[in-house]
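Tertiary structure, described
Below, each chain spelled out in residue letters.
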Amino acid sequence: MTKKKKKKNPIIRFLASMVAFFKDDRFRYAMGIVFLLVALFTILSLISYLVNWKTDQDFEWAKVFSGPEIRVENSGGKMGAWLSNLLINKWFGLASFVFPAILVIWAMVLYRIRLVKPGKSIRNSLILIVLLSITLGLMFGDAGGLLGSGPGGQHGYFLSKWLMASIGTFGTIFLLIICYTALILFSTSFLDWIRERAYPFAVAPKTGSEDAFEEDPLVESTLKPDEPTDGPEEIVSEKIVEEEQQAADPEAKDDVEMTIEDVSGLNPEDFNPDEGALGEYDPTLDLPKYQYPPLSLMKEYDQGDTTVTNEELISNKNRIVETLGNYNIKIDKIKATIGPTVTLYEIVPAPGIRISKIKSLEDDIALSLSALGIRIIAPIPGKGTIGIEVPNQNPRIVSMKSILSSKKFQDADMELAIALGKTISNETFVFDLTKMPHLLVAGATGQGKSVGLNAIIASLLYKKHPAQLKFVMIDPKKVELSLYSKIERHFLAKLPESEEAIITDTQQVIHTLNSLCAEMDERYNLLKAAQVRNIKEYNTKFINRKLNPNKGHRYLPFIVVIIDEFADLIMTAGREIEHPIARLAQLARAIGIHLIIATQRPTTNIITGVIKANFPARIAFRVASGIDSRTILDGSGADQLIGRGDMLFVSGSDPIRLQCAFVDGPEIEDVTDFIGQQRGYPTAMMLNPVADELGNGPNVDLDKRDDKFEEAARLVIQHQQGSTSLIQRKLSLGYNRAGRIVDQLEAAGILGPFEGSKARQVLVHDEFSLEQILNNLN
């Protein structure tokens, strides 16, 4: 038996539709224009009244829609004459000129322009109108009928007379002085300045007033802001309930808890009481004067549009046709596409020719053309042709400036846009790192791998604000990424105890990767609390002020982890490196942490199955052998590249051949200097250290000491140096075992705790003291 769905009350449906109409952005924009036009009309009418008041005073509402026989001098016509007479003569006199300002504030609220605090400004403006009217009435009286009832209007004239009759002239003046003083105090932050100095320990936040939302620009509602807000938008009614906090809390102030009475049973969190007034949160306001690096910092390597002559094209075409003809392979059609480094010759073989037969002639074609780096694509995806890539005799340099200035990169609507180089068809190649989501880069020494990393980093620096992106840079060789230390306070992230922002020490790399795993777990908890699935949805919700910072929510920048020589880390630390990288590669995509790993040795013991499975996007520069190519690309091709930035890019499909953009060291230095000279954050972004880095000491069972423990203890006492590398070298041990012995020495009180890139402190200074410790352990 099916249960019939209960129909909504038609009154509730009507009210809900009306609320939806009034919340529509188009209605807000239209009303904003109306308010601005009314403000303009009002001020023009008031100014005109100052000139033509003798003619237009006492103009009645009934005459507004009368015939043309009744004429007025006001620039606003009969409506303007009536309105200005009402405001200046009947009501508040010259103080009425504040009314158009109130209308402008309302228009700003509707357009979400926050130059002033709207609630406080409108309240203070109304109070100012009353006080000015009374002041003008007190000073000028009716001024002999000037403007009808005097500069203060009828309100100011009669109220000032009543006050003078009640408390006298001096009493009225003192009362006005008190009112003006109070208005100034409550309109400025002077009271907060006094309160901070009078009660330096009173830290209870202001809540419950109209300013509670305005003082904290990130708080949207006092209603559990971290609860879901994706329910329907039809909120029918609201009521504000004011309650006092318990008297048992001496520091607490009166709080107003906002609750919404939902007649229709809808989600109350959809109602945003101050969204229009506050507008969107802008994370870039942390560094509002930050300037993106200009393109003029990059060099232009202008070599013209093409460096391939017609003679070269015809010669290569004839040799290809001749070589294939020697093996009875006829060609129906051939055309050439010229790229910066390689020219693609597309051939259409005659019917009946097997593709595998052409593919097997790769070396023969290379021999006939006297060229290295011949690659056959059989067939070209999406085309009925076979491609033969032939290196140009005079390859063209692709400058980073031409890539960054391209329309494709400038207009790229991507979260992390990276411009890598140009394709064979001379098109700028741009991809989104968040879609990859991680990148594996491999290539032999001197083939362009470091230049490729610089191109990736430069693309991100030219596209992102420091508030939106952070780098964790790991450089075991200590020289490749050192130039980026200048942008530490803008773009880099590190551990608190680390002296250098570019991480070079292996042990510190392990701690940093573990800290990134902790950051990943914390971000997932934030996403869970916000009931969103990824960083984009979370930051959108935070920017729209639907998440409360007081509940731990914060804007989450992207974190790009760059590891320059992965092979060296794997050889020295093994699974201690591979495990956190595998965790980050598997889980970190949704929360905005992306890995870029580079290595010179793409062997199976370095790029393991776990790494390959989680790095679908790969870049291969020229490698030494076909085995290395298959390791990085799962196929051949990288061993047939010509070097100097010639590369293959794979992202879940067939490889794309690119010429990597060239960016030189001085260009990177100029960019980092330009950024580093600007005002930055006080420090780099600090990662939260995990338990071991906090100085809690390793969790070690000293009853299960290593066989080499005593020998290692005497070694560090003799050299007065507590480093893993010393034990590893002197005792011929692996890095992992030496690291465990160091943890045991720390637990025994022989060595001090981990101190970042510094060597551990030796706490025991002589053999006698060491023997006492060893005897106690035994």
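This is a predicted model, so every value here is computed, not measured. (Residues numbered from 1 in each chain as written. Predicted model: local features only at pLDDT ≥ 70, side-chain atom pairs only at ≥ 80, totals over all residues. Heavy atoms only, no water.)

Some remarks on the overall build of the protein chain
For the protein chain, the count of helices and strands is 27 helices and 17 strands. Out of the 778 residues belonging to the protein chain, those deemed buried represent 47%. Summarising the internal contacts of the protein chain: among those between residues at least 6 apart in sequence, 69% fall at separations of at least 24. Looking at the protein chain as shown, the accessible area adds up to about 38700 Å², and 55% of this sits on carbon and sulfur atoms. (Helix = DSSP H or I, 4+ residues; strand = E, 2+ residues; numbered from the N terminus. Buried < 20%, exposed > 50% of the residue type's maximum accessible area, 1.4 Å probe, protein only. Contact = heavy atoms within 4.5 Å. Areas by Shrake-Rupley, 256 points an atom, 1.4 Å probe, with all protein chains shown as cover.)

Structural notes on the sheet that holds strand S6 (residues 386–391)
Here we have 4 strands laid out as an open sheet, ordered S3-S4-S6-S5, and antiparallel in their pairing. What marks the edges here is a single partner per strand, and that holds for strand S3 (331–338) and strand S5 (375–377). The average undirected angle you get between the axes of adjacent strands in this sheet is 20 degrees. Against the sheet, helix H10 (residues 310–326) makes contact with S3, strand S4 (342–349) and S6, and its axis sits at roughly 40 degrees relative to S4, the strand it touches most. (Pairing = 2+ DSSP bridges. Axes fitted to C-alpha atoms, helices over the stretch in contact; angles between N-to-C directions.)

Considering the nonpolar core
Counting 115 residues, the largest nonpolar core has Leu420, Leu439, Phe471 and Ile577 as the members making the most contacts within it. Take this core: its biggest share by element is 9 residues, from helix H17 (residues 506–530). Residues in contact with Leu439, not counting those within four places in the same chain, are Phe431, Leu433, Ile456, Leu595, Ile596, Ile597, Phe615, Ala617, Arg618, Ile619 and Phe649. Within the second largest apolar cluster, 23 residues are counted, among which are Leu726, Ile727, Ala738 and Val742. (Core = buried A, V, L, I, M, F, W, Y, C linked by side-chain atoms within 4.5 Å.)

A closer look at the pattern of salt bridges
Opposite charge on two side chains allows them to pair when their charged atoms are near. For the structure shown, the criterion picks out 23 salt bridges. In this structure, Glu669 engages Lys486 in a salt bridge whose closest nitrogen and oxygen atoms are separated by 3.5 Å. Of the two residues, Glu669 sits in helix H23 (residues 665–676) while Lys486 sits in the loop between strand S10 (469–474) and helix H16 (488–491), which places them 183 residues apart along the sequence. When its relative accessible area of 33% is taken as the criterion, Glu669 is described as partly exposed. Taking relative accessible area as the criterion, Lys486 reaches 33% and is therefore assigned partly exposed. In this structure, Arg714 engages Glu710 in a salt bridge whose closest nitrogen and oxygen atoms are separated by 3.7 Å. Of this pair, Arg714 and Glu710 both sit in helix H24 (residues 709–719), 4 residues apart, which is roughly one turn of the helix. Judged by relative accessible area, Glu710 falls into the partly exposed class, the value being 29%. (Salt bridge = Lys/Arg side-chain N within 4 Å of Asp/Glu carboxyl O.)

Structural notes on the side chain of Thr172
Looking at the secondary structure, you find Thr172 in helix H6 (residues 153–187). When residues no more than four places from it in sequence are discounted, the contact partners of Thr172 are Leu138, Leu163, Met164 and Ile167.

A short note on the confidence of the model for the protein chain
Summarising the model, the protein chain shows a mean pLDDT of 79, and 83% of its residues fall at 70 or more. When pLDDT is averaged over each element of the protein chain, strand S12 (residues 558–563) comes out on top at 96 and strand S1 (residues 239–243) at the bottom at 33. A low-confidence stretch, residues 264–277 stays under pLDDT 50, and its non-local contacts, those more than four residues away or across chains, total 43 contacts. Contacts of residues 692–696 to residues separated by more than four positions or lying in other chains number 8 contacts, the stretch itself having pLDDT below 50. (pLDDT = per-residue confidence, 0-100.)

Some points on the packing of aromatic side chains
Per the counting criterion, the structure on display carries 10 aromatic pairs. Consider the rings of Trp91 and Phe92, whose centres lie 6.2 Å apart with planes at 65 degrees: the pair is edge-to-face. The buried category is assigned to Phe92, whose relative accessible area is 15%. Their ring planes at 75 degrees and their centres at 5.5 Å tell us that Tyr290 and Tyr292 sit as a pair that is edge-to-face. A relative accessible area of 9% means that Tyr290 is categorised as buried. Under the relative-accessibility criterion, Tyr292 is labelled partly exposed at 37%. Site record: aromatic cluster; members linked through ring pairs are Tyr290, Tyr292, Phe471 and Phe491. (Phe/Tyr/Trp six-rings, centres within 6.5 Å; stacked < 30°, edge-to-face > 60°.)

Things to note about the sheet that holds S10
The sheet built from 9 strands is open, its strands ordered S8-S7-S16-S15-S14-S9-S13-S12-S10 with mixed pairing. The sheet is open, and its two edges are formed by strand S8 (428–432) and S10, each paired on a single side. Strand-to-strand, the axes of this sheet are offset by a mean angle of 30 degrees, without reference to chain direction. Judged from the 5 bridges that link them, S12 and strand S13 (residues 593–599) form a sheet pairing that is parallel. Across the sheet, residue Ile559 finds its bridge partner in S13, namely Ile593.

So, unusual backbone geometry
Residues other than glycine predominantly adopt negative phi, and peptide bonds predominantly adopt the trans conformation. Here Met436 and Pro437 are connected by a cis peptide whose omega angle stands at 0 degrees. Tracing the backbone shows Pro437 in the loop between S8 and strand S9 (439–442). Of note in the backbone geometry, Gln531 takes a positive phi value of approximately 55 degrees without being a glycine. By the secondary structure assignment, Gln531 is in the loop between H17 and helix H18 (535–543). Judged by its relative accessible area of 44%, Gln531 is partly exposed. Phi at Asp634 takes a positive value of approximately 60 degrees, unusual for a residue other than glycine. Here Asp634 is to be found in the loop between helix H22 (626–633) and strand S15 (646–651).

Thoughts on the packing of H17 against H18
The N-to-C vectors of H17 and H18 enclose an angle of 60 degrees; their axes lie 10 Å apart at closest approach. Viewed along their axes, H17 and H18 adopt a mutual orientation that is oblique. By crossing handedness, the relation of H17 to H18 is classed as left-handed. Here H17 contributes Arg523, Leu526, Leu527 and Ala530 to the contact with H18, which in turn contributes Ile535, Tyr538 and Lys541. A class-by-class count of the residues in the contact of H17 with H18 yields 5 nonpolar, no polar and 2 charged. (Parallel < 35°, antiparallel > 145°, perpendicular 65-115°, else oblique. Left-handed = near helix turned anticlockwise from the far one by under 90°. Nonpolar A, V, L, I, M, F, W, Y, C, P; charged D, E, K, R; others polar.)

Regarding H24
What H24 keeps buried is the set Phe709, Ala712, Ala713, Leu715, Val716 and Ile717. Buried residues along H24 sit against helix H25 (724–730), helix H26 (735–747) and helix H27 (767–777). Of the residues trailing H24, Gln720 is marked for its positive phi of about 50 degrees.

What to know about H18
Considered for burial, the residues of H18 that qualify are Ile535, Tyr538, Asn539, Lys541 and Phe542. Within H18, the buried residues cover an arc of 160 degrees as seen down the axis, which keeps them to one side. Where H18 is buried, its residues meet H17 and S12. The opening residue of H18, the one whose side-chain oxygen lies 3.2 Å from the backbone nitrogen of Lys536, is Asn534. Looking at the residues trailing H18, positive phi occurs at Arg545, about 60 degrees. (Arc of directions from axis to C-beta. Polar contact = N/O pair within 3.5 Å; in protein donor to acceptor, adjacent residues only side chain to side chain.)

Quick look at the pairing of S6
Burial within S6 is extensive, with 6 of its 6 residues counted as buried. The alternating pattern of S6 places Ile386, Ile388 and Val390 and Gly387, Glu389 and Pro391 on opposite faces, both of which are buried. By the bridge criterion, 6 bridges tie S4 to S6 in an arrangement that is antiparallel. What sits directly across from Ile347, in S6, is Ile386. The sheet contact formed by S5 and S6 spans 3 bridges and is antiparallel. Each bridged residue has a counterpart across the sheet, and for Ile377 the counterpart in S6 is Gly387.

A few points about the packing of helix H2 (residues 25–56) against helix H3 (residues 77–92)
It is the contact of H2 with H3, at a shortest axis distance of 8 Å, that shows an interaxial angle of 85 degrees. The pairing of H2 with H3 is recorded here as roughly perpendicular in orientation. Across the interface between the two elements, Phe41, Thr42, Ser45, Leu46, Tyr49, Leu50 and Asp56 of H2 pack against Met79, Gly80, Ala81, Leu83, Ser84, Asn85, Leu87, Ile88 and Asn89 of H3. Among the residues making up the contact of H2 with H3, the classes are represented as 9 nonpolar, 6 polar and 1 charged.

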